[in-house]
Amino acid sequence: MASTHAEEPLAEDTADHDAHIYEEVMLSERMEHSQRLAVEELITTEASYVHNLQLCLSDIRAHLQKKQLPGLDLEGLFSNIDDILHVSRRFLRGLQDTATQEHEQLLSISTLFQEFKEEMEMVYKIYCASYEHALLLVESYRKDPRLQEEIMDTLTATVPHTSASDLSFFLVMPVQRVTKYPLLLGKILENTPANTSTHEALAAAVRAMTQVNANINEYKRRREVATKYNKAEQLTLRDRFARLNTHSIAKKTTRLSRLLMHEAGIVAKTEDKEYDELEEKFQSVASSVTALKENVASYLQHLEAFLLPTPHRCELQMEEGPAQQYRRFAEHLHRAVFPEFRRRLDRLVWKPLCRLAEMLVGPQQLVKKRLDKLLDYEEIQERKSETGSVTYDEEAAMNTYLAINALLVAELPRFNQVAMQLLGQLLGSFSVLQQDLATEVLHEAKKEVEQMPHGHMLLPAFWRMVEDTLQQSGVQLRTFIQAFETVTPSPLLQPLNPAEERKVLSLVSKHGPDKLYQVTSNVSGSKDMDLTLQRGQIVALLQSVDTKGNTGRWLVDAGGPRGFVPAAKLQPYSLGPSQQPKMQMPALESGTERRRHSYVSPEAPKPQVATFTPAFQVVAGFSFTARSPQELSLQAGQPVVVLEPHDKKGSTEWSLVEVNGQRGYVPSSYLLTVPVQEPVGWSLPV
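Cut-offs used in this document
Residues numbered from 1 in each chain as written. Predicted model: local features only at pLDDT ≥ 70, side-chain atom pairs only at ≥ 80, totals over all residues. Heavy atoms only, no water. Salt bridge = Lys/Arg side-chain N within 4 Å of Asp/Glu carboxyl O. Buried < 20%, exposed > 50% of the residue type's maximum accessible area, 1.4 Å probe, protein only. Core = buried A, V, L, I, M, F, W, Y, C linked by side-chain atoms within 4.5 Å. Helix = DSSP H or I, 4+ residues; strand = E, 2+ residues; numbered from the N terminus. Contact = heavy atoms within 4.5 Å. Patch = residues over 30% accessible without salt bridge, like charges linked within 9 Å, V, L, I, M, F, W, Y side chains within 5 Å. Areas by Shrake-Rupley, 256 points an atom, 1.4 Å probe, with all protein chains shown as cover. Lys, Arg positive; Asp, Glu negative; His and termini not counted. Charge placed at Lys NZ, Arg CZ, Asp CG, Glu CD. Pairing = 2+ DSSP bridges. Axes fitted to C-alpha atoms, helices over the stretch in contact; angles between N-to-C directions.

Participant: Before we go on, may I ask you to explain the pattern of salt bridges in this structure?
Facilitator: Between side chains of opposite charge, pairing is possible as soon as their charged atoms come close. Counted according to the given criterion, the structure contains 23 salt bridges. The salt bridge partner of K351 is D346, with a shortest N-O separation of 3.6 Å. Since its relative accessible area comes to 43%, K351 is described here as partly exposed. Taking relative accessible area as the criterion, D346 reaches 19% and is therefore assigned buried. Ionic contacts of the salt-bridge type, sharing partners, join the residues E304, R342, D346 and K351 into one network.

Next comes the structure, spelled out in structure tokens:
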């Protein structure tokens, strides 16, 4: 009886043990089953995801591209979805290959996620950062009935089974997929025993994909901050003043003060060697792009100016020969070769260069804004070290600087590299275009040269023939000039009207007859103090050099206004008999009759003329003591010669005068015009 009671507890213990083992086995089987389902879900959903991406690209986007709808930004909608599809296809193949590895499948999946971590982060962060912009585009297309109808027609024709209401149904898929990877891996991890190596590998994969999502979110936040500041705003002066307030003025003042203390060495500047090197390279690239754009623009202007003359359109009254060959050659260059070169240069160099310059605007704005935020950051850090705390707005300002700095450090290396590549390609394209132009011009020229009489001559013989021809032409030209000068008639008499006669006599009375010159062609003044004169007008020479020492620009008196005229358009003028004063004149030694109002060649010896004492002269009304090397001292009553009734800036308060061979400026109010005490008359030269 006792033995029976002893056996009952033993049987109960055995039953409990068996039940425990059974529960463990069932739990293990359930975990294994759930694990297998989670793996299948991962692979199946990845395959469905890749299929939908292919639909997006091969069907939807391709269909919209064929329609060529104006106002539809396909690049803004689909961003870098091609890169995502490329990575996802390879990732799917890797997942499908793990299906054959029964016991090592989970380890292979973990390893696969680790291998694709960087690639996934690279492609998904770009897409996620531009996803908000894509949604804004979709929303704007909804408000356009024409575009919305075309988009819906495309969805109905390409993916009718999805019942998608708009493009956002497909555009959200990459965003959802990358955030789901940690969840799918976590489900597999939950059904994996904790004491196995597989559990550790899966846990590492979960951490990796969680970090990928965190990095994507941080990148997106930085891009949002950067987008706020990298837009180049075209503000008028009024708009800038309207933005000023007490807060903005205080902030700008603090920044300026901080910057001045940096330059003066009062406070240490925050050093970031990595960023400084990147910015220096970026600024070098930006200046190179700007210089190249200016040079290409100037080159295009010169090319346009070169194409303006059309010598081939001139009618040449000549038989067939070199002149007609040149005409055909020039016509071909102007109508075919150069216009085609201009089109290729515009398409392959100028337009890409303009787009590259536009790409620089955003980073340049961000670099400027980083400096502003750095000054704010340093100021807040200094305040934080003193008080131990910062406000919410100050914390946000510090985070803004850190976000901009991190984004520039991450993006500038790639941007500099791409910009340098584009710049090199543009320079290479420009060089190739120049080579092609030279090759084509030489090819066309050779065809014409071969038809010329001397086209097959050796080069030394050809140059000897050219020299002989030039010498013969020179002899013929000199002979023609001599014959022309022999038979050229004397200048026609051009009588002056009474008003001109009186003006000439006035100029003679003021300056003497040997200072008279006649304008040989119309003069149009283009600078300050330049005169506009008509051909044949008489002027008096005041100074044969301008204020800058230029001897090709003379100061003259036109009988009232005074100013500068080109010396090449003046010839000495001699008075005619009727222009002489009414008094007895001694006979001149030369018996040659003087022509009335005629030109006199500068090379011809000047006839001996009588001097004329002016009726008025300028004297110093008061004594003046020079206070600088540019001024001239005067004594009251001292005669002076006024060279310019103004200073270099055109002010009439000062006059340029000459006294005893010395020149300088004196106050105009100190000068007086007085009559000469001696009787007016002619006198022979001593």
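Participant: What's the story with the nonpolar core in this structure? I'm lost.
Facilitator: One broad trend across soluble globular proteins is that nonpolar side chains are buried collectively. Core analysis: the largest hydrophobic core is formed by 62 residues, its most contacted members being L72, L77, F113, Y124, L167 and L171. In terms of residue count, the dominant contributor to this core is helix α1 (residues 2-67) (12 residues). Setting aside chain neighbours within four positions, we find L171 in contact with L77, F78, Y127, Y131, A134 and V138. A403, L407, V409 and L433 belong to the second-largest nonpolar core, a separate cluster that totals 41 residues.

Participant: Can you help me understand a negative patch on the surface in this one?
Facilitator: A contiguous patch of negative charge, built from E271, E274, D276, E277 and E280, is present on the exposed surface. On the secondary structure map, E280 appears in helix α12 (residues 273-307). A relative accessible area of 61% places E280 in the exposed class.

Participant: Hey, could you run me through the sheet that holds strand β3 (residues 553-557) in this one?
Facilitator: The strands that make up a sheet pair up through hydrogen bonds in the backbone, lying either parallel or antiparallel. Reading across from one edge, β4-β3-β2-β1-β5 is the order of the 5 strands in this open sheet, with antiparallel pairing throughout. Edge strands, defined here as strands with exactly one partner in the open sheet, are β4 (562-566) and β5 (570-572). Put simply, the sheet's adjacent strands are angled 50° from each other on average, direction ignored. Here 3 bridges tie strand β2 (residues 538-543) to β3, and the two strands are oriented antiparallel to one another. Bridged to Q543 within β3 is L555. Here helix α16 (residues 498-511) sits on the sheet in contact with β1 (516-519), β2, β3 and β4, set at roughly 20° to β2.

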